Amino acid sequence: MTPAVIQLAAEGTRQSAEVTDWGARIAWVIGLLVFIAFVYWLMRQGWKWRGTLQSDLPELPAAPGGLPEHRLALTGRYHGSTTAGQWLDRIVAHGLGVRSRVELALTDAGLDVVRPGATDFFVPAAQLRGARLDKGIAGKVLTEGGLLVVTWAHGDRLIDSGFRSDRAAEHAAWVEAINDMNHSITTTEGAER
């Protein structure tokens, strides 16, 4: 036998090494899942802590019975509420941080916010401070003017709440109506004093 034949015979008896080390792979997957669960738990604790810090915020008012006929109505998405002027300081107390579908109705009595699956609330007309078009709130960024932001007073805080209509062309009418309503309320209050 020649040396080449002996070498081929020896190679034929060798076995190739296993390609996958299943024990190490399973350990890495379990470690990754534990890490993801830990990060989720930390995020949840942060959300609860923020709610605790904002516990001084009064309960949200409910809509009074027999609201007058609405001036405007829209359906769309509620993107959250923040401290006025600070678009990243999300308010989570009383469910204000929960994104949801929304049905808005503007009446002479105020703004009725109906959120299926989340807490509904009502902003009395005297508490409305204005509205504007913006591009972002509480981590949600849209195109310029793609978000209707309503500023309102609750307790001793000014709050910005962000809404996006299913028909974004409606936003301008809402800004005009709320700002006109706010102007007429401020002028009436000034005349009474």
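Residues numbered from 1 in each chain as written. Predicted model: local features only at pLDDT ≥ 70, side-chain atom pairs only at ≥ 80, totals over all residues. Heavy atoms only, no water.

Quick word on the pairing of strand 8 (residues 147-154)
Then step 1. When you tally the buried positions in strand 8, you get 8 out of 8 residues, the bulk of the element.
Then step 2. Across 6 bridges, strand 5 (residues 128-134) lies against strand 8 in antiparallel orientation. Note on strand 8: the bridge partner recorded for Asp-134 is Leu-147.
Then step 3. As defined by bridge partners, strand 8 adjoins strand 9 (residues 157-165) across 7 bridges and the pair is classed as antiparallel. Bridge pairing in strand 9 places Trp-152 opposite Ile-159.
Then step 4. From the end of strand 8 to the start of strand 9, which pair antiparallel, there are 2 residues, and Gly-155 there has a positive phi angle of about 65 degrees. (Buried < 20%, exposed > 50% of the residue type's maximum accessible area, 1.4 Å probe, protein only. Helix = DSSP H or I, 4+ residues; strand = E, 2+ residues; numbered from the N terminus. Pairing = 2+ DSSP bridges.)

Remarks on the sheet that holds strand 3 (residues 110-114)
Then step 1. Pairing within the open sheet is antiparallel, and its 7 strands lie in the order 4-3-2-1-9-8-5. Because the sheet does not close on itself, it has two edges, and the strands there are strand 4 (121-124) and strand 5. Strand-to-strand twist in this sheet, taken as the mean axis angle between neighbours without regard to direction, amounts to 30 degrees.
Then step 2. Where strand 1 (residues 72-83) lies against strand 9, 7 bridges are found, and the strand directions are antiparallel. (Axes fitted to C-alpha atoms, helices over the stretch in contact; angles between N-to-C directions.)

Focus on the environment of Arg-77
Then step 1. Looking at the element boundaries, Arg-77 is found in strand 1.
Then step 2. With near-sequence residues (within four places) excluded, Arg-77 lies in contact with Arg-99, Ser-100, Arg-101, Val-102, Gly-162, Phe-163 and Arg-164. (Contact = heavy atoms within 4.5 Å.)

Here we look at the pattern of salt bridges
Then step 1. Counted by the stated rule, this structure contains 5 salt bridges.
Then step 2. Asp-166 is the salt-bridge partner of Arg-101, the closest N and O atoms lying 3.0 Å from each other. Here the residue Arg-101 occupies a position in strand 2 (residues 100-107), and Asp-166 occupies one in the loop between strand 9 and helix 3 (171-192), the gap between them amounting to 65 residues.
Then step 3. Taking relative accessible area as the criterion, Arg-101 reaches 37% and is therefore assigned partly exposed.
Then step 4. A relative accessible area of 43% places Asp-166 in the partly exposed class.
Then step 5. Here Arg-132 makes a salt bridge to Asp-160, at a shortest N to O gap of 3.2 Å. Residue Arg-132 is found in strand 5, and its partner Asp-160 is found in strand 9; the two are separated by 28 residues along the sequence. (Salt bridge = Lys/Arg side-chain N within 4 Å of Asp/Glu carboxyl O.)

Here we look at the packing of aromatic side chains
Then step 1. The final tally for this structure, using the stated rule, is 4 aromatic pairs.
Then step 2. Here Tyr-78 and Phe-163 contribute two aromatic rings whose centre-to-centre distance is 5.6 Å and whose plane-to-plane angle is 55 degrees, an arrangement assigned as tilted. A residue pair is termed long-range when its members are at least 10 positions apart, and Tyr-78 in strand 1 and Phe-163 in strand 9 qualify at 85 residues. Each member of the pair Tyr-78 and Phe-163 is classed as buried.
Then step 3. Grouping aromatic residues by their ring pairs yields a cluster made of Tyr-78, Phe-121, Trp-152 and Phe-163.
Then step 4. It is Arg-25 that lies over the ring of Trp-22; its NZ or CZ is 5.7 Å from the centre.
Then step 5. The aromatic ring of Tyr-78 is capped on one face by Arg-115, whose charged end is 4.5 Å from the ring centroid. (Phe/Tyr/Trp six-rings, centres within 6.5 Å; stacked < 30°, edge-to-face > 60°. Lys NZ or Arg CZ within 6 Å of the ring centre and 35° of its normal.)

Here we look at the nonpolar core
Nonpolar side chains tend toward joint burial in soluble globular proteins.
Then step 1. Core analysis: the biggest nonpolar cluster contains 27 residues, and Leu-111 and Val-150 have the highest contact counts within it.
Then step 2. Of all the secondary-structure elements, those providing two or more residues to this core are strand 1, strand 2, strand 3, strand 4, strand 5, strand 8, strand 9 and helix 3.
Then step 3. For this core, the element with the highest residue contribution is helix 3, accounting for 5 residues.
Then step 4. Excluding residues that lie within four positions of it along the chain, Leu-111 makes contacts with Leu-104, Ala-105, Leu-106, Phe-121, Phe-122, Val-123, Leu-128, Val-150 and Trp-174. (Core = buried A, V, L, I, M, F, W, Y, C linked by side-chain atoms within 4.5 Å.)

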